[in-house]
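# Commentary on secondary and tertiary structure
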2 protein chains.
Amino acid sequence: MFEKYRVPLDKKLDLSDYDPADKPFSGDSKGDDKDRMAELALKLDELQTILHANSQRRVLLVLQGMDTAGKDSTIRAVFQNVDPLGIRVANFKAPTPAELARDFLWRVHRVVPAAGELVIFNRSHYEDVLITRVHDWIDAEECKRRYTHINNFERLLTDSNTRIIKCFLHISFDEQRKRLQERVDDPNKHWKFEITDLKERSFWPQYAKAYAAALSATSTEYAPWYIVPSDSKRHRNLMVAELLVQAMTDLKLSYPPGRPDLVGLKVE
Amino acid sequence: MFEKYRVPLDKKLDLSDYDPADKPFSGDSKGDDKDRMAELALKLDELQTILHANSQRRVLLVLQGMDTAGKDSTIRAVFQNVDPLGIRVANFKAPTPAELARDFLWRVHRVVPAAGELVIFNRSHYEDVLITRVHDWIDAEECKRRYTHINNFERLLTDSNTRIIKCFLHISFDEQRKRLQERVDDPNKHWKFEITDLKERSFWPQYAKAYAAALSATSTEYAPWYIVPSDSKRHRNLMVAELLVQAMTDLKLSYPPGRPDLVGLKVE
């Protein structure tokens with residue numbers, strides 16, 4: 001269904017081939033989309049409950065995107081009906097000294113999903129081939145080594161019963177401008193705004209290049225990247241939800257079988 | 001409002017003085033209660049957002065109760081509208097060897113709320129004066145020492161800007177029987193059921209005694225215990241939500257002031 005948004009492995013990728021204003025859900029009315037979103041949110045709740053009951057498989061959703069692409073609001077919308085007990089969000093900020101003192105995957109490995117868990121990475125190990133590369137904190141060779149480490153790491157997780165879904169929330173330069181301006185114009189949103197956001201914005205072309213290289217080098221068969229058009233929040237949320245529901249449905253999970261030893265048992 | 005459910009400090013407590021079937025929300029119709037719950041859930045979302053924006057105070061909700069008292073479903077109901085990014089649930093299971101190799105508060109301290117965070121303890125450090133005491137893994141003297149350590153620890157958290165709300169979800173022996181029987185009778189719920197649940201149930205009077213002693217010894221002015229009648233799920237959820245909304249409203253938080261340096265700024 002989302003084949004055209006799936007990043008092919010090792011093919012030179014140009015983000016400008018993907019329109020951030022795309023609306024994958026055709027001309028449906030807003031009302032229909034809202035119904036579909038509600039339906040998906042409920043479905044996800046059900047799938048998560050079975051994942052937890054079954055307690056074998058693990059699910060990892062990776063969200064990446066430029067500033068204001070909407071990682072936080074996607075999480076809010078997609079998981080609106082999922083039991084707070086059933087998901088865990090791992091936020092990756094600037095690394096601490098303890099984290100910098102180890103390899104870049106150390107802090108990531110500590111928070112991967114356990115059996116029966118659904119975990120969302122809000123930013124991820126990909127920051128270590130993006131912001132680091134844009135600012136030349138690592139060179140091209142180190143970056144390439146890291147792609148390999150990432151692929152190996154994600155293979156390890158996959159081999160250990162983890163289903164990985166990776167979404168790049170793709171917005172346009174102009175959409176980012178609008179969203180930053182909104183934050184500036186609303187004093188109640190100033191706490192979300194850093195002057196450094198503007199500085200990072202000035203590196204937009206470098207980020208686009210770093211993203212293209214990273215997505216292409218790490219979109220594997222077992223952990224593919226999807227480019228999610230995100231200028232429309234509605235379409236963005238729907239697509240992430242659809243991708244996740246599809247991936248979790250593919251696991252074909254069911255409740256563990258009833259236990260014969262409990263049949264007819266009377267609790268006193 | 002809930003004064004009668006608040007545990008007085010150091011007064012001998014008898015749980016049988018509290019009726020688990022109590023309905024604090026009087027004769028309201030189910031419809032009214034449902035509306036109120038929806039209202040509280042939305043209010044809580046708003047309060048959490050401000051708590052996060054403000055990023056100074058911390059909030060800790062402690063949930064304790066016998067098996068099937070409904071800790072999990074309370075979390076689900078009360079936090080139905082709160083942004084998954086805005087809360088963190090810490091589940092306390094049987095301690096690991098690494099945890100047993102330290103003092104009993106070590107694993108708890110690691111997961112206390114950070115500035116701006118709302119954290120729910122699903123079970124808590126209180127397990128270490130309950131199951132441990134019921135099975136005589138610790139003696140009365142050690143238990144008393146632990147009460148003191150707990151009070152000191154909660155004082156430390158309070159002094160560090162943390163608001164602590166502690167709820168004991170109080171169900172009757174017969175209500176537990178019904179709920180366990182439901183799990184037995186539904187093969188899809190077998191995964192939630194352990195034969196050891198029945199064994200623990202046989203220690204009911206000892207648990208009631210251990211709870212009474214612990215609640216009374218640790219219901220301080222800065223971190224009081226509330227006994228939440230929980231035979232009715234509806235009343236239980238409402239009361240926990242009301243307590244939390246009240247406590248968070250008392251913090252009188254507001255958005256941080258707008259920043260003068262952002263006034264009139266145009267994003268290019």
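Residues numbered from 1 in each chain as written. Chains lettered and ligands numbered in written order. Predicted model: local features only at pLDDT ≥ 70, side-chain atom pairs only at ≥ 80, totals over all residues. Heavy atoms only, no water.

## A closer look at the sheet that holds strand E5 (residues 225-229) of chain B
Within a sheet, each strand pairs with its neighbour through backbone hydrogen bonds, oriented either parallel or antiparallel. Residues and elements named next belong to chain B. Pairing within the open sheet is parallel, and its five strands lie in the order E2-E3-E1-E4-E5. Looking at strand neighbours, the two that pair on one side only are strand E2 (87-91) and E5, the edges of this open sheet. The sheet shows a mean angle of 20° between the axes of neighbouring strands, direction not considered. Here helix H2 (residues 71-78) sits on the sheet in contact with strand E1 (58-65), E2, strand E3 (118-122) and strand E4 (162-170), set at roughly 140° to E1. Packing of helix H6 (residues 140-159) onto the sheet brings it into contact with E1 and E4, and relative to E4 it is tilted by some 135°. (Pairing = 2+ DSSP bridges. Helix = DSSP H or I, 4+ residues; strand = E, 2+ residues; numbered from the N terminus. Axes fitted to C-alpha atoms, helices over the stretch in contact; angles between N-to-C directions. Contact = heavy atoms within 4.5 Å.)

## Considering the interface of chain A and chain B
Counting from both sides, the interface comprises 39 residues of chain A and, opposite them, 39 residues of chain B. It is Leu85, Trp191 and Val267 of chain A in chain A that bury the most area against chain B; as a group they hold 20% of the surface buried on that side. With a shortest N-O distance of 2.6 Å, Arg76 of chain B and Asp45 of chain A are connected by a salt bridge. Where chain A packs against chain B, one counts 14 residue pairs in polar contact (both at pLDDT 80 or more). Of all elements in the fold, only helix H1 (30-54), helix H2 (71-78), strand E2 (87-91), helix H7 (173-185) and helix H8 (195-201) of chain A reach the threshold of two or more residues within the side of chain A that touches chain B. For the side of chain A that touches chain B, the element with the highest residue contribution is H7 of chain A, accounting for five residues. (Buried area = accessible area lost by both parts, 1.4 Å probe. Salt bridge = Lys/Arg side-chain N within 4 Å of Asp/Glu carboxyl O. Polar contact = N/O pair within 3.5 Å; in protein donor to acceptor, adjacent residues only side chain to side chain.)

## Re the confidence of the model for chain A
Here chain A averages 94 in pLDDT, and 99% of its residues register 70 or above. The complex model carries a pTM of 0.88, and its ipTM stands at 0.78. (pLDDT = per-residue confidence, 0-100.)

## Remarks on the side chain of Glu127 of chain A
With respect to the helices, strands and loops of the structure, Glu127 of chain A is situated in the loop between strand E3 (118-122) and helix H5 (131-134). Not counting chain neighbours up to four residues away, the residues in contact with Glu127 of chain A comprise Gln64 and Thr132 of chain A.

## Structural notes on the relation of the copies chain A and chain B
Superposition of chain A onto chain B requires a rotation of 180° combined with a translation of 0.0 Å along the rotation axis, giving an RMSD of 0.0 Å. Considering both components of the superposition, the chain copies are consistent with a two-fold axis. Within chain A, the C-alpha atom positioned nearest to the axis of rotation is that of Pro84 of chain A, 3.1 Å from it. (Least-squares fit on C-alpha atoms with pLDDT ≥ 70 in both.)

## Quick word on the side chain of Gln176 of chain B
Residue and element names in this part refer to chain B. Its place among the elements puts Gln176 in helix H7 (residues 173-185). Owing to a relative accessible area of 3%, Gln176 belongs among the buried residues under this scheme. Setting aside residues no more than four positions away along its own chain, Gln176 makes contact with Met66, Asp67, Thr68, Ile171, Arg201 and Trp204. (Buried < 20%, exposed > 50% of the residue type's maximum accessible area, 1.4 Å probe, protein only.)

## Digging into the pairing of E3 of chain A
Residue and element names in this part refer to chain A. Within E3, five of the five residues are buried, which leaves it mostly tucked inside the rest of the structure. A two-sided burial pattern is seen for E3, the buried positions comprising Leu118, Ile120 and Asn122 on one face and Val119 and Phe121 on the other. Strand direction decides the pairing type here: strand E1 (residues 58-65) and E3, joined by five bridges, are parallel. Bridge pairing links Leu60 to Val119 in E3. Bridge count for E2 against E3 is five bridges, and the pairing is parallel. Across the sheet, the residue bridging to Arg88 is Val119, located in E3.

## A short note on the packing of H2 of chain A against helix H10 (residues 233-250) of chain A
Residues and elements named next belong to chain A. Where H2 contacts H10, the two axes come as close as 9 Å, and the packing angle between them is 60°. The angle between H2 and H10 falls in the class oblique. Of the two elements, H2 crosses H10, and the hand of that crossing is right-handed. Seen from H2, the contacting residues are Ser73, Thr74, Ala77 and Val78; seen from H10, they are Arg236, Asn237, Val240 and Ala241. Class assignment for the residues of the contact of H2 with H10 results in four nonpolar, three polar and one charged. (Parallel < 35°, antiparallel > 145°, perpendicular 65-115°, else oblique. Left-handed = near helix turned anticlockwise from the far one by under 90°. Nonpolar A, V, L, I, M, F, W, Y, C, P; charged D, E, K, R; others polar.)

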